[in-house]
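Working through the structure, step by step
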Amino acid sequence: MEAQSREAWGTKLGFILAAVGSAVGLGNMWRFPYAVSDKGGAAFVILYIVMVIVVGVPIMLSEFAVGRRARLSPIGALRETGGPRWMTLGYLYVLTGVVILAYYSVIAGWAMRYTLEALLSGFSTEPGQYFERSSTGVGAALYHIVFMGITISIVVGGVKAGIERVSLVLMPVLFLLVVGLAIYAATLGGAGAGYSFYLRPRLGHFFSASTLAAAASQAFFSLSLGMGAMLTYASYLKRDENLPGSAAAISFSDFGVAFVGGLVVFPVIFAFGLQGEIGASPLGALFISVPRAFVEMGAAGRVVGLMFFTALLVGALTSAISLLEVVTSSLIDHWKLDRTRAALGAGLVILFVGLPCAYDLNVLGLFDAVAGEFFLGVGAFFLALLVGWRAPEVADEVRRGFSREALIRGWLWVVRVVVPIILAVVIYDRGKNVLQTIQSLIAGP
Ligand code: PHE
């Protein structure tokens, strides 16, 4: 019914870049380097690649197939695919979108503040104190509000005139910035120690369940999986594209940006001997030790820092757009609002839900643990059950535009067996982490 009036992408490249825009964001340049340094460097990088291939690409393909087949946003698409009971999963997706964007926008607000700082006055020479002062409070709340305002205004513009147009411009800019930064980082004396930490595996970290869970949940977060963002974007596709090819290209691009991001962050931090600081403050690592290195660089640091935070901000914006689009499109399809009201209403609710994060980093950390890790794992787990067991006819959607039957069968098998097993470990481990986070919140510092 909606099929006729439904919005659609203008070009295939538009869809790919919008999906890459959703994937590439804070997850690549803020969370990935932190996860790498926390979980033992290069060993984690290898495990991460395995998780992207084994669970990331298959789940992305599942979301694409379900979304394009139903041509509806998550709640309706899951009902069409699995029956009315599966709408619950759609509601979880919408809730996840609300909670992730609520804190994501606060961090994006920091990136915006640092970008302006680089442009107007240069970075503070006391980045630790500066972060402490600026990451919470009225200033943080105001940047969060401005960032939400920009996000809302793009989503109001619609799929083609808003999201696609912005992605076509911003994504190439982001690629150029990140590659330029990596080339610059290679010229720093002392960069070698950073490369060695990042790229030379030390065994021993490899096989723990919690490292595996961390790698898998980093993959979901970074690839925007488990909450219907890719499902929603695929629902705006016309029927002829090659879905496996797109899933592979998007996942590879996302990994590429995270990997090259590491080629920026690690040499920069190690060149100035700041590696000890990463572990001290997970949330702030990127906003403290990286700017400190920029200060040490002198005049060049301001330009390099401007490039770095602009890239971070651009990545965050195109990701935030996709988070808001999940909620907005659900309001349009399911609650029959027009786009302007839907985007504004959803955006305002998210803005308010995010305010506590702008005042208390513990709340921000809790939101991330609950929605950014646990809910994404749960969301992807049930999607795998749906596609693998309840509605394997979804595979017919993959067959449109792709004819390698053996690969399709292999994908279905992975979704049916391998993905649920790995995700069960993720849900258990990340669920435990949520409980610990809550306990330590109650117990106080
Ligand atoms: N993938 C985005 C990032 O890496 C975050 C995101 C998660 C976006 C889930 C949409 C959905 O920053």
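Above this text sits the structure in question.
Description of the structure in this document.

Of the regular secondary structure elements, the chain holds 19 helices and zero strands. Along the first, second and third principal axes, the C-alpha set of the chain runs to 60 × 50 × 45 Å. Looking at the 445 residues of the chain, the share that counts as buried comes to 61%. Restricting to contacts in the chain with at least 6 residues of sequence separation, those with at least 24 account for 85%. Just so you have it, the chain exposes about 16400 Å², and 67% of that area is on carbon and sulfur atoms.

In the neighbourhood of the ligand, 14 residues make up the surrounding shell, with A23, G27, Y104, F221 and S224 lying closest. One of the backbone N or O atoms of G27 is found 2.9 Å from an oxygen atom in the ligand. Put simply, the ligand lies in the largest cavity. Secondary structure elements with two or more residues in the shell around the ligand: α1 (12–23), α2 (26–38), α10 (209–222) and α15 (299–335).

As a further point, take helix α8 (residues 159–186). End to end, α8 covers 39 Å across 28 residues, agreeing with the expected 40 Å (1.5 Å per residue, within 8%). At L168, α8 shows its strongest bend, of approximately 30°, with the proline P172 following within four residues.

Under the 1.5 Å per step criterion, the end-to-end length of helix α17 (residues 361–390) is 40 Å for 30 residues, consistent within 8% with the ideal 44 Å. Its maximal kink placed at F375, α17 deviates by approximately 30°. Of all 30 residues making up α17, 21 are buried, and the element is well covered by its neighbours. The backbone nitrogen of N362 lies 2.9 Å from a side-chain oxygen of the residue at the head of α17, namely D360.

Right, let's talk about the layout of surface pockets for a bit. Taken as a whole, the second largest pocket holds about 160 Å³ of empty space. Lining the second largest pocket we find 10 residues, and of these S5, R6, E7, I332 and D333 sit closest to its centre. For the lining of the second largest pocket, the residue count by class is two nonpolar, two polar and six charged.

A cluster of nonpolar side chains, L13, L168, V169 and V173, forms an exposed patch at the surface whose accessible area comes to about 320 Å². A total of three residues in the nonpolar patch trace back to one element, the largest contributor, which is α8. Given the relative accessible area of 36%, V173 is considered partly exposed.

Once that is clear, we can look at the packing of aromatic side chains. Applying the stated criterion across every chain, the model contains 28 aromatic pairs. On the basis of an interplanar angle of 85° and a centroid distance of 5.2 Å, the ring pair of W110 and F287 is categorised as edge-to-face. Remark: F287 occurs in helix α14 (residues 285–296) and W110 occurs in helix α5 (residues 87–120); sequence separation between them is 177 residues. Here F287 falls in the buried class, since its relative accessible area comes to 0%. For the pair F374 and F375, a centre-to-centre distance of 6.1 Å together with 45° between the ring planes defines the contact as tilted.

Let us now look at unusual backbone geometry. Positioned with a positive phi, S224 is a non-glycine residue whose angle comes to about 60°. Locating S224 in the fold gives a position in the loop between α10 and α11 (229–234). Positive phi, normally seen in glycine, also occurs at K336, with a value near 55°. The topology assignment puts K336 in the loop between α15 and α16 (339–359).

All chains considered together, the criterion is met by 13 salt bridges. Salt-bridge contacts for R339 lead to E325; the nearest nitrogen and oxygen are separated by 2.9 Å. In this pair, R339 sits in helix α16 while E325 sits in helix α15, placing the two residues 14 residues apart along the sequence. The class of R339 is buried, set by a relative accessible area of 11%. By relative accessible area, which is 0% here, E325 ends up buried. A network of salt bridges, in which partner residues are shared, links R31, D368, E373, D429 and R430.

This brings us to the packing of α8 against α15. The angle between the axes and the distance between the axes are what describe a pair of packed helices. Axis separation between α8 and α15 bottoms out at 9 Å; the angle between their running directions is 150°. Handedness of the crossing formed by α8 with α15: left-handed. Counted together, V159, I163, V166, L170, M171, L174, L177, V178, G180, L181 and Y184 of α8 and A300, V304, M307, F308, T310, A311, V314, G315, L317, T318, I321 and E325 of α15 form the full contact between these two elements. Taken together, the residues of the contact of α8 with α15 sort by class into 18 nonpolar, four polar and one charged.

This paragraph deals with the side chain of S222. Among the structural elements, S222 can be located in helix α10. One polar contact links S222 to D254, side chain to side chain, over a distance of 2.7 Å. Apart from the residues lying within four places of it in its own chain, the contact partners of S222 are A23, V24, G27, N28, Y48 and D254.

The rules behind these values
Residues numbered from 1 in each chain as written. Predicted model: local features only at pLDDT ≥ 70, side-chain atom pairs only at ≥ 80, totals over all residues. Heavy atoms only, no water. Helix = DSSP H or I, 4+ residues; strand = E, 2+ residues; numbered from the N terminus. Buried < 20%, exposed > 50% of the residue type's maximum accessible area, 1.4 Å probe, protein only. Contact = heavy atoms within 4.5 Å. Areas by Shrake-Rupley, 256 points an atom, 1.4 Å probe, with all protein chains shown as cover. Near = heavy atom within 4 Å. Polar contact = N/O pair within 3.5 Å; in protein donor to acceptor, adjacent residues only side chain to side chain. 1 Å grid on protein atoms, 1.4 Å probe; cavity = no way out; pocket = protein on both sides within 12 Å on 5 of 7 lines; lining within 4 Å. Sits in = over half its atoms within 2 Å of the grid points. Expected span 1.5 Å × (residues − 1). Bend = angle between axes of the 7 residues up to and from the residue. Points joined across faces, edges and corners; volume = space filled by probe spheres on them. Nonpolar A, V, L, I, M, F, W, Y, C, P; charged D, E, K, R; others polar. Patch = residues over 30% accessible without salt bridge, like charges linked within 9 Å, V, L, I, M, F, W, Y side chains within 5 Å. Salt bridge = Lys/Arg side-chain N within 4 Å of Asp/Glu carboxyl O. Phe/Tyr/Trp six-rings, centres within 6.5 Å; stacked < 30°, edge-to-face > 60°. Axes fitted to C-alpha atoms, helices over the stretch in contact; angles between N-to-C directions. Left-handed = near helix turned anticlockwise from the far one by under 90°.

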